[in-house]
Amino acid sequence: MADSIRNKVAKDYHLEIAPPKQDFFAKGLGHGDWGMKNRLSRLFNPKSGNTVMLAFDHGYIMGSTSGLERIDVTITPLAEYADVLMATRGAIRSCISPTVNKPICLRATHDASVLKNDMSVGGGCGADMEAALRMNASAVAIQCFVGGAGESESLETLCRAVDAGERYGMPVLGVTAVGKEMERTTQYFLLATRILAELGASFVKTYYCEGFEKVVAACPVPIVIAGGKKLPEKDALTMAYKAISDGAKGVDMGRNIFQSEHPTAMCQAVAKIVHEGYNDQQAYEYYQELA
Ligand code: 5RP
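Quick summary incoming for the structure in this document. (Residues numbered from 1 in each chain as written. Predicted model: local features only at pLDDT ≥ 70, side-chain atom pairs only at ≥ 80, totals over all residues. Heavy atoms only, no water.)

Moving on to the overall build of the protein chain. Of regular secondary structure, the protein chain possesses 13 helices and 10 strands. Compactness check: the protein chain gives a C-alpha radius of gyration of 20 Å against a globular reference of 19 Å for 291 residues, within 12% of the reference. Projected onto the principal axes, the alpha-carbon positions of the protein chain cover approximately 75 × 45 × 40 Å. Residue burial in the protein chain is summarised as follows: out of 291 residues, 51% are buried. The contacts of the protein chain with a sequence gap of at least 6 include a subset with a gap of at least 24, amounting to 67%. Only carbon and sulfur atoms are counted for the fraction: they give 50% of the accessible area of the protein chain, which is about 14,500 Å². Distance from the positive charge centre (30 side chains) to the negative charge centre (33 side chains) of the protein chain: 4 Å. (Helix = DSSP H or I, 4+ residues; strand = E, 2+ residues; numbered from the N terminus. Rg over C-alpha atoms; globule rule 2.2 N^0.38 Å. Buried < 20%, exposed > 50% of the residue type's maximum accessible area, 1.4 Å probe, protein only. Contact = heavy atoms within 4.5 Å. Areas by Shrake-Rupley, 256 points an atom, 1.4 Å probe, with all protein chains shown as cover. Lys, Arg positive; Asp, Glu negative; His and termini not counted. Charge placed at Lys NZ, Arg CZ, Asp CG, Glu CD.)

Rendered as structure tokens:
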């Protein structure tokens, strides 16, 4: 074979350099396989360990929401400032160009619409693992209703997604829904986040609350916070700062970014807190400079 003649002889084995330690940066996720870790390293920045996820999945229960009337117009310019895009396959496929090279966290449940006025039911499978792989997703998000009428169905959907996710190396984001019957207490979030992690979620989305550092400590995998209803920008940045200071590994924020007066400035200000150690005041000043 021509290629075997006059090849350079392999001789530089770098004997003086120790092999790299193979610790994994994300809490509780060091024992997964390569594909799973590779996807997690797209979701979370391996340097800061954190992530800014931009959530625009609201239409799957709320229909056309303020700020998301035209996803193609409002989300496309924001995408470059976020680390991850979180939405349904319908929204992504129809409104986001496949050339936007951002990891996708695919909303993979269908839940009760706003007409039901009950965020404690739902949890049916909205997109299976094959759909997620076809969308080149880096994670799937499963909403769970711990303590609500939809508890059993949603936890079943979570477990099946974890089974399939382990087969294909797909992280599952467990989302704690807060419905009518569920109070936003430390006790509730301690319970709900822990249950989702114990059932195999790779990371968990929840709300910021009193005693959040305990919620983080008791959850064996990373936590990201939802933003919730639109707040004044300064307050939303303060919430993000407190969450990161208490150990959250990022945000999965929607309305407080895309409903902001200046969405791209807001997204960049949040990123300063999440990745660069800015406090809320510094981030707010940065927001004002950009706005
Ligand atoms: C509810 C959700 C939402 O659909 C959404 O992603 C949350 O975004 P925000 O509250 O920041 O507008 O996950 O559980």
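By nearness alone, 15 residues border the ligand, and Asp57, His58, Lys205, Gly254 and Arg255 come closest of all. Between the ligand and His58 there is a distance of 2.7 Å, counted from an oxygen atom to a side-chain nitrogen or oxygen. A distance of 2.8 Å is found between an oxygen atom of the ligand and a backbone nitrogen or oxygen belonging to Gly254. In isolation the ligand has 380 Å² of accessible area, and contact with the protein removes 97% of it. Here the shell around the ligand is built from residues that sort into five nonpolar, five polar and five charged. (Near = heavy atom within 4 Å. Polar contact = N/O pair within 3.5 Å; in protein donor to acceptor, adjacent residues only side chain to side chain. Nonpolar A, V, L, I, M, F, W, Y, C, P; charged D, E, K, R; others polar.)

Its place among the elements puts Gly30 in the segment before helix H1 (34–43). Once you skip the residues sitting within four places of it in the chain, Gly30 turns out to touch Phe24 and Lys37.

Going through the model one piece at a time under the given rule, you end up with seven aromatic pairs. Relative to Phe203, the ring of Phe44 lies with its centre 5.3 Å away and its plane at 75°, an arrangement referred to as edge-to-face. Of the two residues, Phe44 sits in the loop between H1 and strand S1 (51–55) while Phe203 sits in strand S8 (residues 203–206), which places them 159 residues apart along the sequence. Taken as a pair, Phe44 and Phe203 share a single burial class, namely buried. (Phe/Tyr/Trp six-rings, centres within 6.5 Å; stacked < 30°, edge-to-face > 60°.)

Glancing now at the side chain of Ser138. Positionally, Ser138 belongs in the loop between helix H6 (129–134) and strand S6 (139–144). The residues touching Ser138, leaving out its near neighbours within four places in the chain, are Arg39, Arg42, Leu43, Pro103, Ile104, Met170 and Pro171.

What follows deals with H1. Among the residues of H1, Met36, Lys37, Arg39, Leu40 and Leu43 are the ones counted as buried. Down the axis of H1, the smallest arc covering the buried residues is 160°, so these residues share one side. In this fold, the buried residues of H1 make contact with S1, strand S2 (84–87), H6, S6, helix H7 (151–168) and S8. (Arc of directions from axis to C-beta.)

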